[in-house]
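Here is what each chain is made of, one letter per residue.
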Amino acid sequence: MAVMSLAPPWLVLRQAFRTVAASSSFLHPTYKPVITNHTTLSSSPLRHSALRRCHVAKAMKGDVELLLKGVGDQAVAKEVKHILEMARRATSRREVLHTDFLTPPVVKESVSVLGKLADVAVVAQGGYPEAERCRISVGHPDVLTSDPDIVAALSITGNFGFQACSHGDFLGAILGTGITRDKLGDILVQEEKGAQVLIVPELVDFIVTALDKVGNVSVTCSKIPLLALEYEPPRTNTFKTIEASLRIDAVASAGFKISRSKLVDLISSGDVRVNWATVTKNGTAVKTGDVVSVSGKGRLKIGEINETKKGKFAVEIIRYL
């Protein structure tokens, strides 16, 4: 009769741990190669767990750096990185997290980068279809299934018929109450009627109470539904220009109908932006879809671009009025 020998408990536990560690079912698909490359596992489960966390952290860092590679503006890249980290947390905890209002380039780059992650759902909203400043919500696709209620609207009314107030006047008055810019979305100026403002919901009551004057005009604030926003699509004038190159100093000077040397001076003074990012080089090339803005001159959008038989470029300019 054969005699069976029992292995020591520590040996049984070590073998069981090796069996579980060899299985890929508990690993996130993104990081499987990092773990499976380890052919020798430590006999200490705690030590292996620490090693695994270390390699996962390195993998996450590498993924983020790769995703941010196409973001040229460093300030924008820094904000996008923060949103990526927020998305990781939201997904792992199966919850939904929200940013404050973001600038258009940060919104654009964040949505583009987050769209490359299969396990992250993203929603960008600013209160109306053409909103520039938006809030981003991130979460696991099973949790983020509808648009969160994270944008509110205010109506600011007063006797603006005798003293017109600009976008800057309304912005300055609101910020003068003590809130920061990232709590505010777009401001829709309505001439004599006042303005409508997009804001984070938690500050609605505060602004209604605190804001009593814009410029020298006494005002009243009230909350309104988003559907009550009186937004009109911007008026535009479309025309074409023939240019030897797609340099911004050539195309934008034609679009704004100013001299090329004047535009160069504006670039030098930091008054020219492409897609809301300041341009520092005269030779920066523009492409279809780019939005070019010049301080004091307004903004325009680059439409269709075609090359002529003589090797020049026929550029469609959409000038906002």
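**Re the overall build of the protein chain**
Step number 1: Looking only at helices and strands, the protein chain features nine helices and 14 strands.
Step number 2: Buried positions account for 38% of the 321 residues belonging to the protein chain.
Step number 3: Sequence-distant contacts, at least 24 apart, represent 58% of the contacts inside the protein chain between residues at least 6 apart.
Step number 4: Approximately 18,500 Å² of the protein chain is accessible, and the part contributed by carbon and sulfur atoms is 54%.

**Brief notes about the environment of Val200**
Step number 1: Structurally, the position occupied by Val200 is in the loop between strand 6 (195-199) and helix 7 (204-210).
Step number 2: A sequence separation of 50 residues divides Val200 from Ile150, and the C-alpha atoms of the two residues are 6.3 Å apart.
Step number 3: Ignoring anything within four residues of it in the chain, the contact list for Val200 reads Asp100, Phe101, Arg135, Ile150 and Lys183.

**A look at the packing of helix 4 (residues 74-93) against helix 5 (residues 104-114)**
Step number 1: Orientation of helix 4 relative to helix 5, taken along the N-to-C sense of each, is 45°, at an axis distance of 9 Å. The angle between the axes of helix 4 and helix 5 places the two elements in the oblique class. Here the hand of the crossing between helix 4 and helix 5 comes out right-handed. Contacts between helix 4 and helix 5 pair Val76, Glu79, Val80, Ile83, Leu84 and Ala87 from the former with Pro105, Val106, Glu109, Ser110, Val113 and Leu114 from the latter.
Step number 2: Classifying every residue of the contact of helix 4 with helix 5 by side-chain character gives nine nonpolar, one polar and two charged.

**Examining the side chain of Ser253**
Step number 1: Relative to the assigned elements, Ser253 resides in helix 8 (residues 248-256).
Step number 2: Apart from residues lying up to four places away in sequence, Ser253 is in contact with Ile248, Ile258, Ser259, Arg260 and Leu263.

**Remarks on the packing of helix 8 against helix 9 (residues 260-268)**
Step number 1: Closest axis-to-axis distance for the helix 8/helix 9 pair is 9 Å, and the angle between their directions is 115°. What the angle tells us is that helix 8 and helix 9 run roughly perpendicular. Where helix 8 crosses over helix 9, the two elements pack in a sense that is right-handed. Where helix 8 approaches helix 9, its residues Ile248, Asp249, Ala250, Ala252 and Ser253 are matched on the opposing element by Arg260, Leu263, Val264 and Ile267.
Step number 2: Across the contact of helix 8 with helix 9, the residue classes tally to six nonpolar, one polar and two charged.

**Considering the layout of surface pockets**
Step number 1: Empty space within the largest pocket amounts to approximately 1,700 Å³.
Step number 2: Lining of the largest pocket is provided by 40 residues; of these, Tyr128, Glu132, Tyr231, Pro234 and Arg299 occupy positions nearest its centre.
Step number 3: Counting residues per element, the lining of the largest pocket draws most heavily on strand 5 (residues 184-189), at five residues.
Step number 4: Along the lines of polarity and charge, the residues of the lining of the largest pocket split into 17 nonpolar, nine polar and 14 charged.

**Some remarks on the sheet that holds strand 9 (residues 236-243)**
Step number 1: Strand order across the open sheet formed by six strands is 9-14-13-12-10-11, with antiparallel pairing between neighbours. At either end of the open sheet lies a strand with only one pairing partner, and these are strand 9 and strand 11 (277-278).
Step number 2: Here three bridges tie strand 10 (residues 272-274) to strand 12 (residues 291-294), and the two strands are oriented antiparallel to one another. Across the sheet, the residue bridging to Val274 is Val292, located in strand 12.
Step number 3: Relative to strand 9, helix 8 is tilted by about 135°, and along the sheet it contacts strand 9, strand 10, strand 12, strand 13 (298-307) and strand 14 (313-320).

**Notes on the pairing of strand 13**
Step number 1: Judged from the four bridges that link them, strand 12 and strand 13 form a sheet pairing that is antiparallel. Residue pairing for strand 13: Val294 is matched across the bridge by Gly298.
Step number 2: Here strand 12 folds back onto strand 13 in antiparallel fashion, the turn holding three residues, of which Gly296 has a positive phi close to 80°.
Step number 3: As paired elements, strand 13 and strand 14 share six bridges and run antiparallel to each other. In the sheet register, Lys301 faces strand 14, and the bridge partner there is Ile318.
Step number 4: Remark: five residues form the turn of the hairpin made by strand 13 and strand 14, two consecutive strands paired antiparallel; Gly311 in that turn has positive phi of roughly 85°.

Criteria and cut-off values
Residues numbered from 1 in each chain as written. Predicted model: local features only at pLDDT ≥ 70, side-chain atom pairs only at ≥ 80, totals over all residues. Heavy atoms only, no water. Helix = DSSP H or I, 4+ residues; strand = E, 2+ residues; numbered from the N terminus. Buried < 20%, exposed > 50% of the residue type's maximum accessible area, 1.4 Å probe, protein only. Contact = heavy atoms within 4.5 Å. Areas by Shrake-Rupley, 256 points an atom, 1.4 Å probe, with all protein chains shown as cover. Axes fitted to C-alpha atoms, helices over the stretch in contact; angles between N-to-C directions. Parallel < 35°, antiparallel > 145°, perpendicular 65-115°, else oblique. Left-handed = near helix turned anticlockwise from the far one by under 90°. Nonpolar A, V, L, I, M, F, W, Y, C, P; charged D, E, K, R; others polar. 1 Å grid on protein atoms, 1.4 Å probe; cavity = no way out; pocket = protein on both sides within 12 Å on 5 of 7 lines; lining within 4 Å. Points joined across faces, edges and corners; volume = space filled by probe spheres on them. Pairing = 2+ DSSP bridges.

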